[in-house]
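# Architecture at a glance
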Amino acid sequence: IRKCLSLLLIKYESSGINAEYGVNENYRSSMNIKRIGRLKHQVVKIPESVNIFFVMRIATVRGPMPQDVRKILQSLRLNELNNAVIVQRSDKMVKNLSMVEPYITWGYPSMRSVHGLVFKYGYGDVKGEKSALSSNLLIENTFSEQGLLCIEDIVKQLFEAGPHFSLITKFMYPFKLTPPKGGFRRVATSFKQNGAWGNRAEKINALVRKML
């Protein structure tokens, strides 16, 4: 039995399939190209009350990637596995997320989720140095001109996509998260099909709780 398993593992690895992420990159690339071709016919229904999205990179690559997909991931600052960001809702953003869905999971974070992310994983660029958002004084010194005096003000601006949203997201580093216990299952399959990637809507909050 052990010999058979060893032969199977050798065949599995030589096929170009990454054991951690469970998908052949050539297959993923072709899948992306097909998805991009279907985008103009795709409609994503999002509640009017949603102002922001939580987006997390859950799959990496070993091999070619469509150039437009790579550019979108770079613009989102999702260059590394388990990086996550909060982005503002827009039609263009929905389209971009749809194009890179096989590499990410995303959804509509609650105030509680945003609060937990900022307080546990929030870091900002303070005079060229990566600094934890651990004190209200740091926020006051950085954003006093905008009238932001504490970490709670940062959370509120992010959740409500307030007037200083862009300034804050440029100041903050992507959240570097620890994946849920056991990692992501079936990363080559969409969330709608009991996999990992794609839009989880409000269910993204259950995932965030597991990582806080």
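Just so it is clear, the structure is predicted and the values come from calculations on it, not from any experiment.

### Details of the sheet that holds strand E2 (residues 83-88)
- With mixed pairing, the 5 strands of this open sheet are ordered in space as E6-E2-E1-E3-E7. Looking at strand neighbours, the two that pair on one side only are strand E6 (175-176) and strand E7 (198-199), the edges of this open sheet.
- Alignment of E2 against E6, held across 2 bridges, turns out to be antiparallel. Along E6, the bridge assignment pairs Ala84 with Phe175.

### Describing the packing of helix H5 (residues 111-121) against helix H7 (residues 151-160)
- Look at H5 against H7: their axes get within 9 Å of each other, and the N-to-C directions meet at 130°. The orientation of H5 with respect to H7, classified from their angle, is oblique. Of the two possible hands of crossing, H5 and H7 adopt the one that is right-handed. Facing H5, whose interface residues are Met111, Val114, His115, Val118 and Phe119, H7 presents Ile151, Glu152, Ile154, Val155, Leu158 and Phe159.
- The residue inventory of the contact of H5 with H7, partitioned by class, reads 9 nonpolar, 1 polar and 1 charged.

### Details of unusual backbone geometry
- Of note, the phi angle at Ala161 is positive, near 50°, even though the residue is not glycine.
- Among the secondary structure elements, Ala161 is positioned in the loop between H7 and helix H8 (165-171).
- Residue Ala161 is classed as buried on the basis of its relative accessible area of 16%.
- Phi angles above zero are rare outside glycine, and Arg186 is one such case at about 55°.
- The residue Arg186 is located in the loop between E6 and E7 in this model.
- For Arg186, a relative accessible area of 48% puts it in the partly exposed group.

### Here's the deal with the packing of aromatic side chains
- With the rule as written, the count across this model stands at 4 aromatic pairs.
- Ring geometry for Phe53 against Tyr108: centres 6.0 Å apart, planes inclined by 40°, an arrangement best described as tilted. Taken together, the residues Phe53 in strand E1 (residues 52-57) and Tyr108 in the loop between strand E3 (104-107) and H5 connect sequence positions 55 residues apart.
- A relative accessible area of 7% places Tyr108 in the buried class.
- Aromatic side chains Phe143 and Phe171 sit 5.0 Å apart centroid to centroid with 85° between the ring planes, which places their arrangement in the edge-to-face category. With Phe143 in helix H6 (residues 136-143) and Phe171 in helix H8, this pair connects stretches of sequence that are 28 residues apart.
- The exposure class assigned to Phe171 is buried, which follows from its relative accessible area of 10%.
- Sitting over the face of the ring of Tyr123, Lys130 holds its NZ or CZ atom 5.1 Å from the ring centroid.
- The ring of Tyr173 carries Lys130 above its face, with NZ or CZ at 5.1 Å from the centroid.

Rules of the game
- Residues numbered from 1 in each chain as written.
- Predicted model: local features only at pLDDT ≥ 70, side-chain atom pairs only at ≥ 80, totals over all residues.
- Heavy atoms only, no water.
- Pairing = 2+ DSSP bridges.
- Helix = DSSP H or I, 4+ residues; strand = E, 2+ residues; numbered from the N terminus.
- Axes fitted to C-alpha atoms, helices over the stretch in contact; angles between N-to-C directions.
- Parallel < 35°, antiparallel > 145°, perpendicular 65-115°, else oblique.
- Left-handed = near helix turned anticlockwise from the far one by under 90°.
- Contact = heavy atoms within 4.5 Å.
- Nonpolar A, V, L, I, M, F, W, Y, C, P; charged D, E, K, R; others polar.
- Buried < 20%, exposed > 50% of the residue type's maximum accessible area, 1.4 Å probe, protein only.
- Phe/Tyr/Trp six-rings, centres within 6.5 Å; stacked < 30°, edge-to-face > 60°.
- Lys NZ or Arg CZ within 6 Å of the ring centre and 35° of its normal.

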